[in-house]
Amino acid sequence: MLPTSPHSSRRALKSIHHVHGSRVSTWTYPALGPCRGVILAVHGFRGDHHGLARIIDQLSDFAIIVPDLPGFGASTPFAGDSTPASGVSDPGAPVAASSAAAPSHDVAGYGEVIGALREELGLGPDTILLGHSFGTIVAATFLARHPGTFARLVLINPICEPALEGSQAAMSRAAGAYYAAGEKLPAPLGEALLRSRFITDVMSLAMLKSKDPAMRAYVLDQHRRYFSGFTSRATLREAYGASITATVRDVAARINEPVLLVVGEHDELGSVPAQRALARTFPRALMRVIGDVGHLIHYEKAPEAASLIEEFLANEHPWVPRGMPRMLYPHQDQANAQ
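A brief structural summary. As the structure is a computational prediction, the values presented were derived from the model and not from experiment.

A few points about the packing of aromatic side chains
Taken as a whole and judged by the stated rule, the model has nine aromatic pairs. Here Phe45 and Tyr179 contribute two aromatic rings whose centre-to-centre distance is 5.7 Å and whose plane-to-plane angle is 80°, an arrangement assigned as edge-to-face. You can see Phe45 sitting in the loop between strand 3 (38–42) and helix 1 (53–58) and its partner Tyr179 sitting in helix 4 (residues 169–184), a full 134 residues away along the chain. Measuring from centroid to centroid gives 6.2 Å for Phe78 and Tyr110, while their planes differ by 35°, and the two rings are tilted. Here the residue Phe78 occupies a position in the loop between strand 4 (63–67) and helix 2 (107–120), and Tyr110 occupies one in helix 2, the gap between them amounting to 32 residues.

Quick look at the structure:
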């Protein structure tokens with residue numbers, strides 16, 4: 001039976017963290033019993049923490065921390081904008097020294113949020129990092145750039161191939177034109193286009209695989225509630241651009257921590273063969289495929305995904321890295337040379 005509320009049934013503690021001018025709203029769900037570990041989770045494009053509610057409910061033995069990424073949900077954008085989506089300013093928010101110094105709403109920028117939360121919440125290296133969809137790119141890229149900061153990585157519906165390549169290229173270009181039009185049109189028309197319930201329903205129905213009426217109604221309701229929770233048209237377009245130009249495979253070879261890939265059998269954004277190729281790129285990865293689902297595992301197959309995650313985290317993973325050399329970023333090479 002599906003939850004009647006769009007929220008997790010678990011109680012959460014809300015905290016606000018100031019990251020490059022953004023008020024990052026973050027929800028911490030304490031474990032309901034003896035805690036088996038802490039998970040920091042990153043939601044997907046156009047979503048917020050609500051999208052992971054069913055996963056959170058299933059992983060009751062873990063403390064789970066989920067921020068709304070800047071520009072989405074209850075979090076304000078980067079660049080010193082301290083006005084939340086409600087339009088009410090926060091007098092206690094620090095003022096950014098310069099909007100030019102703020103990061104973009106992209107993979108690197110959202111990685112700054114992971115780093116800030118890890119430091120401010122005192123998350124140790126035994127913490128698990130989890131991402132869904134676009135969040136898999138953010139999570140994987142952060143861990144590749146900061147090895148050892150998290151113990152394990154869980155990727156649900158990982159983005160394994162560029163959106164502008166392969167069978168989804170035409171759809172991705174159409175979506176790009178949609179977001180570009182939404183930004184360039186006069187504000188009333190652009191806002192109406194980007195927040196259109198009709199287009200949101202079309203997107204939802206294109207990804208849904210479940211034939212269960214209750215599940216289909218639940219997914220439609222979730223997307224209607226939260227897909228329009230972005231704070232500005234420019235932020236939305238910027239984040240979309242990042243979501244179609246980066247992939248997990250770009251950084252997979254740099255991650256030596258154990259990785260779990262939870263894959264949908266009919267995922268339009270990552271076929272099973274492409275996901276297998278991604279899994280082979282990681283030095284230490286385990287891939288599990290869930291049948292009869294596409295890109296909405298976090299809604300349609302949450303119990304199955306949670307079971308795979310619990311099994312993965314219960315294992316000791318006595319794997320030996322393959323000895324693949326870690327690729328350093330230019331600034332890391334310079335630091336090592338000094």
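Let's talk about the nonpolar core
In this structure, Leu153, Ile255 and Phe282 are the most contacted members of the largest nonpolar core, which totals 54 residues. Broken down by secondary-structure element, the contributors of at least two residues to this core are strand 3, helix 2, helix 3 (134–145), strand 6 (152–156), helix 4, helix 8 (233–245), strand 7 (259–264) and helix 9 (272–281). In terms of residues, this core owes the most to one element, helix 3, which gives eight residues.

Quick notes on unusual backbone geometry
In the Ramachandran plot, Arg46 falls in the positive-phi region, its phi being about 70° despite a non-glycine side chain. Counting through the fold element by element, Arg46 comes out in the loop between strand 3 and helix 1. Of note in this structure, Asn157 is not a glycine but carries a positive phi near 50°. Looking at the element boundaries, Asn157 is found in the loop between strand 6 and helix 4.

So, the packing of helix 2 against helix 3
Packing of helix 2 against helix 3 leaves a shortest axis separation of 9 Å and a crossing angle of 70°. Considering their axes alone, helix 2 and helix 3 lie roughly perpendicular with respect to each other. Judged by the sense of rotation from one axis to the other, the crossing of helix 2 with helix 3 is right-handed. Two secondary-structure elements touch here, helix 2 through Val107, Ala108, Tyr110, Gly111, Ile114 and Gly115 and helix 3 through Phe134, Ile137, Val138, Ala139, Thr141, Phe142 and Arg145. Split into classes, the residues belonging to the contact of helix 2 with helix 3 amount to nine nonpolar, three polar and one charged.

About the criteria used
Residues numbered from 1 in each chain as written. Predicted model: local features only at pLDDT ≥ 70, side-chain atom pairs only at ≥ 80, totals over all residues. Heavy atoms only, no water. Phe/Tyr/Trp six-rings, centres within 6.5 Å; stacked < 30°, edge-to-face > 60°. Helix = DSSP H or I, 4+ residues; strand = E, 2+ residues; numbered from the N terminus. Core = buried A, V, L, I, M, F, W, Y, C linked by side-chain atoms within 4.5 Å. Buried < 20%, exposed > 50% of the residue type's maximum accessible area, 1.4 Å probe, protein only. Axes fitted to C-alpha atoms, helices over the stretch in contact; angles between N-to-C directions. Parallel < 35°, antiparallel > 145°, perpendicular 65-115°, else oblique. Left-handed = near helix turned anticlockwise from the far one by under 90°. Contact = heavy atoms within 4.5 Å. Nonpolar A, V, L, I, M, F, W, Y, C, P; charged D, E, K, R; others polar.

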